[in-house]
Amino acid sequence: MASAITTLAADAPTLSAANTGFMLICSALVMLMTPGLAFFYGGMVRVKSSLNMLMMSFISLGIVTILWVLYGFSLAFGTDSGSLIGWSSDYVGLSGIGITELWDGYTIPVYVFAVFQLMFAVITPALISGALADRVKFSAWALFTALWVTVVYFPVAHWVWGAGGWLFELGVIDFAGGTAVHINAGAAALGVILVIGKRVGFKRDPMRPHSLPLVMLGAGLLWFGWFGFNAGSWLGNDDGVGAVMFVNTQVATAAAMLAWLGYEKLRHGSFTTLGAASGAVAGLVAITPSGGSCSPLGAIAIGAIAGLVCAMAVGLKYKFNFDDSLDVVGVHLVGGVIGSLLVGFFATGGVQSDAAGLFYGGGLEQLGKQAVGVFSVLAYSLVVSAVLAFLLDKTIGMRVTEDDEVSGIDQVEHAETAYDFSGAGGGASSRSTAVPVHAAAASKKVDA
């Protein structure tokens, strides 16, 4: 008996300074993704809505952080109850956790795991905001965020990643959030926009991005931060799986960007910066659930398929007449579905687990599991999000008035504008000598 106890003690995980440091860096990278998303979305809207778009992402850093500490971590990763939700009193307020207490089966502290998962919880509702640009009251959005993470994100995170969660136990593979983050957010976005309706001028007025450089900056920050999002989800760096995920993240993103640009050139005749940024994000979304189970060649295929299909999907809003302002449905929902289902084809059985996909002799079993995960999360998030939006719309109101929307939501909701040009002109003397272009042209005609 004594020798058995000694063996067990020797095999028990001990705190790894290397893995702990690595995961703290990954947590910081994932945190950076939310400001990156704010820039990405902020550049895609018109000038009069850019600050509101930034704030809809930034407020998530405040609201979700506090709720996560108070009860979110407990609901998502506490002791399982009925395979649907978790709860552990020690996790409430993070008050009963020892500073060197390890996350079960790993070599990192519980605190590190909690803060890493916090950053996922923060960015998920921020993703939804892109579908609602130009028209939602900021106070209503803040309340929606608090309610949504409580009744949708925290339970779904438990289903997918929590010990005892029903999708986790079923064997659904979601390495870093294809279902829990991207399908969850994309389905929620669709549910909300079906309730609150379209922007004034949808399909009539040009609603072009006001700053493509901001869009590219945001996409670059997302791409950079996504390495922490994906590679960090293995919670350590001991066996090479995280390194494979790092490589797959890069190659899938590159393939998706090229595929999107190729489609764009053939369909519209141009290679656009918006297309490059959107294609990169589509690839990042698709590789998130699948990159820990496929080879780099598989990642190229997954990225290329996602880039092509998402490029085609963003136009569906005009065909089906729903106003997904910044293509959250077309990129995050569609990309998440693609990446999650393609696990059932491209899983090699030799990376994160021995589950193999159809192309590697595994038959249809894993594809069936992936489909259950995809469509259960999609349905739950779509319905519950629509109900939340409906209740808020009928009580406090979700939308600003039509006049406020036309004049600009930044000034109405935040009493600010993104760009202040009041001091950009010259002094009185320069104004007195300036000649309008049309006046100068008229003068030349008279002289002639």
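Residues numbered from 1 in each chain as written. Predicted model: local features only at pLDDT ≥ 70, side-chain atom pairs only at ≥ 80, totals over all residues. Heavy atoms only, no water.

This part is about the overall build of the protein chain. Summing up its helical and strand segments, the protein chain has 18 helices and two strands in all. In terms of C-alpha radius of gyration, the protein chain reaches 24 Å, essentially the compact-globule figure of 22 Å for 448 residues. For the protein chain, the spread of C-alpha atoms along the three principal axes comes to 110 × 45 × 40 Å. Looking at the protein chain residue by residue over its 448 residues, the buried ones come to 52%. Contacts spanning at least 24 positions in sequence make up 76% of the contacts within the protein chain whose residues lie at least 6 apart. When the accessible surface of the protein chain is summed, it comes to about 18,600 Å², and 67% of that surface belongs to carbon and sulfur atoms. In the protein chain, the 19 positive side-chain charges and the 27 negative ones have mean positions that sit 19 Å from each other. (Helix = DSSP H or I, 4+ residues; strand = E, 2+ residues; numbered from the N terminus. Rg over C-alpha atoms; globule rule 2.2 N^0.38 Å. Buried < 20%, exposed > 50% of the residue type's maximum accessible area, 1.4 Å probe, protein only. Contact = heavy atoms within 4.5 Å. Areas by Shrake-Rupley, 256 points an atom, 1.4 Å probe, with all protein chains shown as cover. Lys, Arg positive; Asp, Glu negative; His and termini not counted. Charge placed at Lys NZ, Arg CZ, Asp CG, Glu CD.)

This brings us to the packing of aromatic side chains. Using the criterion set out here, one finds 26 aromatic pairs in the structure. With 6.3 Å between their ring centres and 75° between their planes, tryptophan 68 and phenylalanine 77 make a pair best called edge-to-face. For the pair tryptophan 103 and phenylalanine 113, a centre-to-centre distance of 4.1 Å together with 15° between the ring planes defines the contact as stacked. With a gap of ten residues between them, tryptophan 103 in the loop between strand 2 (85-87) and helix 4 (110-129) and phenylalanine 113 in helix 4 connect regions that are remote in the sequence. Of the aromatic side chains, those joined through ring pairs into one cluster are Trp68, Tyr71, Phe73, Phe77, Tyr91, Trp103, Phe113, Tyr153 and Phe154. (Phe/Tyr/Trp six-rings, centres within 6.5 Å; stacked < 30°, edge-to-face > 60°.)

To continue, consider the confidence of the model for the protein chain. Mean pLDDT over the protein chain works out to 92, with 92% of the residues at or above the 70 mark. Across residues 1-10, confidence stays below pLDDT 50; counting only partners more than four residues off in sequence or on other chains, it has zero contacts. Overall, residues 426-448 carries pLDDT values under 50, and its contacts beyond four positions in sequence, including any with other chains, amount to two contacts. (pLDDT = per-residue confidence, 0-100.)

In this section: a nonpolar patch on the surface. On the surface, Ile305, Leu308, Val309 and Met312 cluster together into a nonpolar patch covering about 300 Å² of accessible area. If you trace the backbone, valine 309 turns up in helix 11 (residues 296-313). (Patch = residues over 30% accessible without salt bridge, like charges linked within 9 Å, V, L, I, M, F, W, Y side chains within 5 Å. Salt bridge = Lys/Arg side-chain N within 4 Å of Asp/Glu carboxyl O.)

It is worth spelling out the packing of helix 11 against helix 13 (residues 328-346) at this point. Running from N to C, helix 11 and helix 13 cross one another at 145°; their axes reach a closest spacing of 9 Å. Crossing hand, helix 11 versus helix 13: right-handed. In this structure, helix 11 uses Gly298, Ala301, Ile302, Ile305, Ala306, Val309, Cys310 and Ala313 to contact helix 13, whose residues at the interface are Gly330, Val331, Val334, Gly335, Ile338, Leu342 and Phe346. Split by residue class, the contact of helix 11 with helix 13 holds twelve nonpolar, three polar and no charged. (Axes fitted to C-alpha atoms, helices over the stretch in contact; angles between N-to-C directions. Left-handed = near helix turned anticlockwise from the far one by under 90°. Nonpolar A, V, L, I, M, F, W, Y, C, P; charged D, E, K, R; others polar.)

Below, the discussion takes up unusual backbone geometry. Excluding glycine, residues mostly have negative phi values, and the peptide bonds linking residues are mostly trans. The backbone phi angle of asparagine 321 is positive, close to 65°, even though this residue is not glycine. One can find asparagine 321 in the loop between helix 12 (316-320) and helix 13. Asparagine 321 sits in the partly exposed class, given a relative accessible area of 35%. Located in the positive-phi region is aspartate 327, a residue other than glycine, with phi close to 65°. Its location among the elements puts aspartate 327 in the loop between helix 12 and helix 13. Under the relative-accessibility criterion, aspartate 327 is labelled buried at 18%.

Inspection of the secondary structure puts tryptophan 234 in the loop between helix 8 (212-231) and helix 9 (241-268). For tryptophan 234, a relative accessible area of 24% gives the class partly exposed. Sequence spacing of tryptophan 234 and isoleucine 85 is 149 residues, and the spatial spacing of their C-alpha atoms is 22 Å. Of note is the side chain of tryptophan 234, whose polar atom sits 3.0 Å from the side chain of aspartate 239. (Polar contact = N/O pair within 3.5 Å; in protein donor to acceptor, adjacent residues only side chain to side chain.)

Turning next to the nonpolar core. Counting 109 residues, the largest nonpolar core has Phe40, Phe73, Leu132 and Tyr153 as its most contacted members. The residues touching phenylalanine 73, leaving out its near neighbours within four places in the chain, are Trp68, Gly78, Tyr91, Leu94, Ile97, Trp103, Val110, Phe113 and Ala114. If you look at the next biggest cluster of nonpolar residues, it comprises ten residues, including Ala252, Cys294, Ala306 and Phe346. (Core = buried A, V, L, I, M, F, W, Y, C linked by side-chain atoms within 4.5 Å.)

Looking now at helix 10 (residues 273-290). For an α-helix, 3.6 residues make a turn, and residues three or four places apart therefore share a direction. Look at helix 10: 26 Å from first C-alpha to last across 18 residues, which is about the 26 Å you get at 1.5 Å a residue. Judged by how many residues are buried, helix 10 sits mostly within the fold: 16 of 18 residues are covered. (Expected span 1.5 Å × (residues − 1).)

What follows deals with the environment of methionine 398. Among the structural elements, methionine 398 can be located in the loop between helix 14 (365-395) and helix 15 (402-407). Along the sequence, methionine 398 and valine 192 sit 206 residues apart, while their C-alpha atoms lie 9.8 Å from each other.

On to the pattern of salt bridges. Scanning all chains against the criterion turns up seven salt bridges. Salt-bridge contacts for arginine 46 lead to aspartate 134; the nearest nitrogen and oxygen are separated by 3.1 Å. One end of the pair, arginine 46, is in the loop between helix 2 (17-44) and helix 3 (50-77); the other, aspartate 134, is in the loop between helix 4 and helix 5 (138-161), and 88 residues separate them in sequence. Comparing arginine 46 with aspartate 134, the two get one shared label, buried.

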